Amino acid sequence: LNQAQKVYIGSGHEIGFHGCIHGFMDSMPANRQVYEIIEDRALLEKQFGGMVRGGAYPFGTHSDQLVEALRASGVAYFRTVHSTHNFEVPQDWLRLNPCCHHDDEKFPELVDKFLETKVWARPLFFYVWGHAYEFEQFNNWDRFEEQAKKLANHDNVWYATNIELYDYIKAYEGLRLSCDGGLIENPFAISVFFWADGKDYEIKPGQRIQL
């Protein structure tokens, strides 16, 4: 195994893709876009095993045509570089906007707000993005580490990869309900948790429950 394989295979990290040549994919013709998507995924899947189902736009640029090429190629999500500065769950996973960059001046403020906000009806989605080389470029590793320590080890926070979040949210959205909402079934392969009528529920894979 090469060094990258030793670091990432079986480590809990998710492998994402970025296009074969890290080019401006939004400026490419449709057939080249599809090639960049499929070829890069195939190479990474061969090197690391498993499935590569998402990634990030090179340079953050995208277009409607590129989004449709990703959709047609079976891609689950693709991240932009547009900071939302909020904790809303994504609605368009092929235009996945992060909360902030790790060098964003609002990062510490957002960390505090995330940890202090009371969650009672809808979950909070905190997504920080960046590149490893930028820690040296911006000389901000100590600042990032300080915020990471504040975010760590909270029982009410789920620390997940992109694809884990995507699959869970899609499973939640895909729960089947009877007309009156009293009967719920989970057709997916993961457990889903929800709150209803003042109670917490877990519905396991393939399970049907009566509220």
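All values reported here derive from a predicted model rather than from experimental measurement.

**Description of the overall build of the protein chain**
The helix and strand tally for the protein chain stands at seven helices and nine strands. Referenced to the eigenvectors of the C-alpha coordinate spread, the extents of the protein chain come out at roughly 50 × 40 × 40 Å. When the 211 residues of the protein chain are sorted by exposure, 36% land in the buried category. Pairs at least 24 residues apart make up 50% of the contacts formed inside the protein chain by residues separated by at least 6 positions. Charged side chains in the protein chain number 20 positive and 30 negative. The centres of these two groups are separated by 5 Å.

**Description of the packing of helix 2 (residues 30–48) against helix 3 (residues 64–72)**
Close contact between helix 2 and helix 3 brings their axes to 9 Å; oriented N to C, the two are set at 45°. Judged on the interaxial angle alone, helix 3 and helix 2 are oblique. Considering only the axes of helix 2 and helix 3, their crossing is right-handed. Across the interface between the two elements, Ala30, Gln33, Val34 and Ile37 from helix 2 touch Gln65, Leu66, Ala69 and Leu70 from helix 3. For the contact of helix 2 with helix 3, the per-class residue count stands at six nonpolar, two polar and no charged.

**Let's talk about the state of the cysteines**
Within this structure, the stated rule accounts for zero disulfides. With no disulfide of its own, cysteine 100 lies 4.7 Å from the sulfur of cysteine 99, the closest cysteine sulfur.

**Some thoughts on the packing of helix 4 (residues 107–116) against helix 6 (residues 141–151)**
Direction vectors running N to C along helix 4 and helix 6 enclose 0°, while the axes themselves pass 10 Å from each other. Considered as vectors, helix 4 and helix 6 are oriented roughly parallel to each other. Between helix 4, through Phe107, Pro108, Val111, Asp112, Phe114 and Leu115, and helix 6, the contact on the second element is made entirely by Arg143, Phe144, Gln147, Lys150 and Leu151. When grouped by side-chain class, the residues that make up the contact of helix 4 with helix 6 number seven nonpolar, one polar and three charged.

**Considerations on the pattern of salt bridges**
Per the counting criterion, the structure on display carries 11 salt bridges. Between arginine 143 and aspartate 103 there is a salt bridge, with the nearest N and O atoms lying 3.7 Å from each other. Note that arginine 143 is positioned in helix 6 and aspartate 103 in the loop between strand 3 (100–101) and helix 4, a separation of 40 residues in sequence. With a relative accessible area of 26%, arginine 143 lands in the partly exposed category. Its salt-bridge partner being glutamate 185, residue arginine 176 comes within 3.2 Å of it at the nearest N-O pair. For arginine 176, a relative accessible area of 48% corresponds to the partly exposed category. When salt bridges that share partners are traced, they join Asp64, Asp92 and Arg95 into one network.

**What to know about the sheet that holds strand 9 (residues 208–210)**
Across the sheet, which stays open at both edges, the three strands sit in the order 5-6-9 with antiparallel pairing between neighbours. Each of the sheet's edge strands pairs with one partner strand only, and the pair in question is strand 5 (176–177) and strand 9. Pairing of strand 5 with strand 6 (residues 183–185), which is carried by two bridges, proceeds in the antiparallel orientation. Its bridge partner being in strand 6, arginine 176 is matched across the sheet by glutamate 185.

**Considerations on helix 2**
End to end, helix 2 covers 27 Å across 19 residues, agreeing with the expected 27 Å (1.5 Å per residue, within 8%). In the core, the buried residues of helix 2 are packed alongside helix 1 (3–8) and helix 3.

**A short note on helix 3**
Turning to helix 3, its buried residues number three or more, namely Leu66, Val67, Ala69 and Leu70. Viewed along the axis of helix 3, the buried residues span an arc of 160°, placing them on a single side of the element. Residues Asp64 and Ala72 are exposed on helix 3 and point more than 90 degrees away from its buried face. Summarising the contacts, the buried residues of helix 3 are in contact with helix 2 and strand 2 (77–79). Positioned one or two residues after helix 3, glycine 74 has a phi angle of 80°, which is positive.

Conventions used here
- Residues numbered from 1 in each chain as written.
- Predicted model: local features only at pLDDT ≥ 70, side-chain atom pairs only at ≥ 80, totals over all residues.
- Heavy atoms only, no water.
- Helix = DSSP H or I, 4+ residues; strand = E, 2+ residues; numbered from the N terminus.
- Buried < 20%, exposed > 50% of the residue type's maximum accessible area, 1.4 Å probe, protein only.
- Contact = heavy atoms within 4.5 Å.
- Lys, Arg positive; Asp, Glu negative; His and termini not counted.
- Charge placed at Lys NZ, Arg CZ, Asp CG, Glu CD.
- Axes fitted to C-alpha atoms, helices over the stretch in contact; angles between N-to-C directions.
- Parallel < 35°, antiparallel > 145°, perpendicular 65-115°, else oblique.
- Left-handed = near helix turned anticlockwise from the far one by under 90°.
- Nonpolar A, V, L, I, M, F, W, Y, C, P; charged D, E, K, R; others polar.
- Disulfide = S-S within 2.5 Å.
- Salt bridge = Lys/Arg side-chain N within 4 Å of Asp/Glu carboxyl O.
- Pairing = 2+ DSSP bridges.
- Expected span 1.5 Å × (residues − 1).
- Arc of directions from axis to C-beta.

Read these as geometric descriptors, not functional statements.
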